[in-house]
Amino acid sequence: MLSKKQIAELKKVLIENLKNYNCEEKIKLNIAPKLLRKLIFQKGKDDNNNVYMEFDGELKELCKKLVLTGVSFANFVAENFDFSDYYGVEINPQTLYGKNLYSTILKGVKINGSFDDCYISKANFTGSRGAKVNPQTLWHKDLGETVLCDAIIIGPLKEGCNLKKTNFTGAIFDKLCYRKIDPQTILNKCLYGTNLKGMIIDGHLYDCNLEYTKFPGSEGAIIIPQRIDGKSLEGAILKDATIYGSLENCVIRNTKFEGSKGTVMSYEQYCELQQKNDLTDVKIDYEYMENLEEIKKAFQMVKK
């Protein structure tokens, strides 16, 4: 077994060689992965005496030149870490420090293991391989602000799941039923900023927060503006959603109606909002207009 002094000497040689290597091709070192792990990581302990591993100083950047296949990332601090430029990384979420993948970018990473009890809020799975996520077994069922592209969803989205700002674009669903969301069962009925592309809305949206929600590519969304939280559709993109009922006294700042169905507003409301909102596919309710000249003016405005 190598001594600490010998490890330090080898680490120094490795750093010098990596600094002098300027080719794009990744280097595959002819040493055991266990030894490479000792060279590139430094060990620490937290206040509870739990061991954690991090890249040792400048090796965090230099290791982007290496092939890291076979190197164990057990106890590695993955929180806020960007794996995008590393090659050959394989991780088991169960063995990461604290099972914490908060704000982790997993591009290029092969996932071996479950995410049970893992914290993955703000994690980005785009470009990862093998990630199987069961929302029901995550820490606090928290998918808040998570980008699920290329992740495989293997459980239902219900019973208190946090879906605030979750992005479902590109997610893969193990079963069709896992694409379904009953908004009444998610945490705080909150779909604020959620990208619902590919999802099926399987329940009503009463009392739900739909500000900045993105509906393009979703199915089954029926919105009754008078029944949603705060009567607010601020910033929402409503393509593929169906709107039932009046928008009177509703907040529709920066709301995009193009591609929505059934949206009807008063002529006065249309005039007030047309400069600030995308009102494509919005219909004007002429029923309460008082004279022919107003109706003609409205038709001319729509034509433009």
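Everything below is about the structure shown above.
Quantities reported herein were computed from a predicted structural model and do not represent experimental measurements. (Residues numbered from 1 in each chain as written. Predicted model: local features only at pLDDT ≥ 70, side-chain atom pairs only at ≥ 80, totals over all residues. Heavy atoms only, no water.)

Caption draft 1: Broad picture of the overall build of the protein. Helices and strands together make up the secondary structure of the protein, namely 5 helices and 13 strands. Taking 2.2 N^0.38 as the reference for a compact globule, 304 residues should give roughly 19 Å; the C-alpha atoms of the protein span a radius of gyration of 26 Å, well beyond that estimate. With respect to the principal axes defined by its C-alpha atoms, the protein has extents near 95 × 40 × 35 Å. Expressed as a percentage of the 304 residues in the protein, the buried residues total 40%. Here the contacts in the protein between residues at least 6 apart in sequence split such that 24% fall between residues at least 24 apart. Accessible area for the protein stands at about 16400 Å²; split by element, carbon and sulfur atoms hold 48% of it. When the 43 basic and 40 acidic side-chain charges of the protein are each reduced to a single mean position, those positions are 7 Å apart. (Helix = DSSP H or I, 4+ residues; strand = E, 2+ residues; numbered from the N terminus. Rg over C-alpha atoms; globule rule 2.2 N^0.38 Å. Buried < 20%, exposed > 50% of the residue type's maximum accessible area, 1.4 Å probe, protein only. Contact = heavy atoms within 4.5 Å. Areas by Shrake-Rupley, 256 points an atom, 1.4 Å probe, with all protein chains shown as cover. Lys, Arg positive; Asp, Glu negative; His and termini not counted. Charge placed at Lys NZ, Arg CZ, Asp CG, Glu CD.)

Caption draft 2: Broad picture of the packing of helix α1 (residues 4-20) against helix α2 (residues 33-40). Following both chains from N to C, one finds α1 and α2 inclined at 85°, their axes separated by 9 Å at the closest point. By the angle between their axes, α1 is roughly perpendicular relative to α2. Between α1, through I7, L10, K11 and L14, and α2, the contact on the second element is made entirely by L35, L36, K38, L39 and I40. Within the contact of α1 with α2, the residues separate by chemical class into 7 nonpolar, no polar and 2 charged. (Axes fitted to C-alpha atoms, helices over the stretch in contact; angles between N-to-C directions. Parallel < 35°, antiparallel > 145°, perpendicular 65-115°, else oblique. Nonpolar A, V, L, I, M, F, W, Y, C, P; charged D, E, K, R; others polar.)

Caption draft 3: Inspection of the pairing of strand β2 (residues 51-55) at higher detail. Pairing between strand β1 (residues 41-45) and β2: 5 bridges, direction antiparallel. Paired with Q42 across the strands is E54, a residue of β2. (Pairing = 2+ DSSP bridges.)

Caption draft 4: Broad picture of unusual backbone geometry. At D117, a residue that is not glycine, the phi angle is positive and equals roughly 65°. Mapped onto the secondary structure, D117 falls in the loop between β4 (110-111) and β5 (132-133). Given a relative accessible area of 48%, D117 falls into the partly exposed group. Unusually for a residue other than glycine, K122 sits at a positive phi of about 70°. The topology assignment puts K122 in the loop between β4 and β5.

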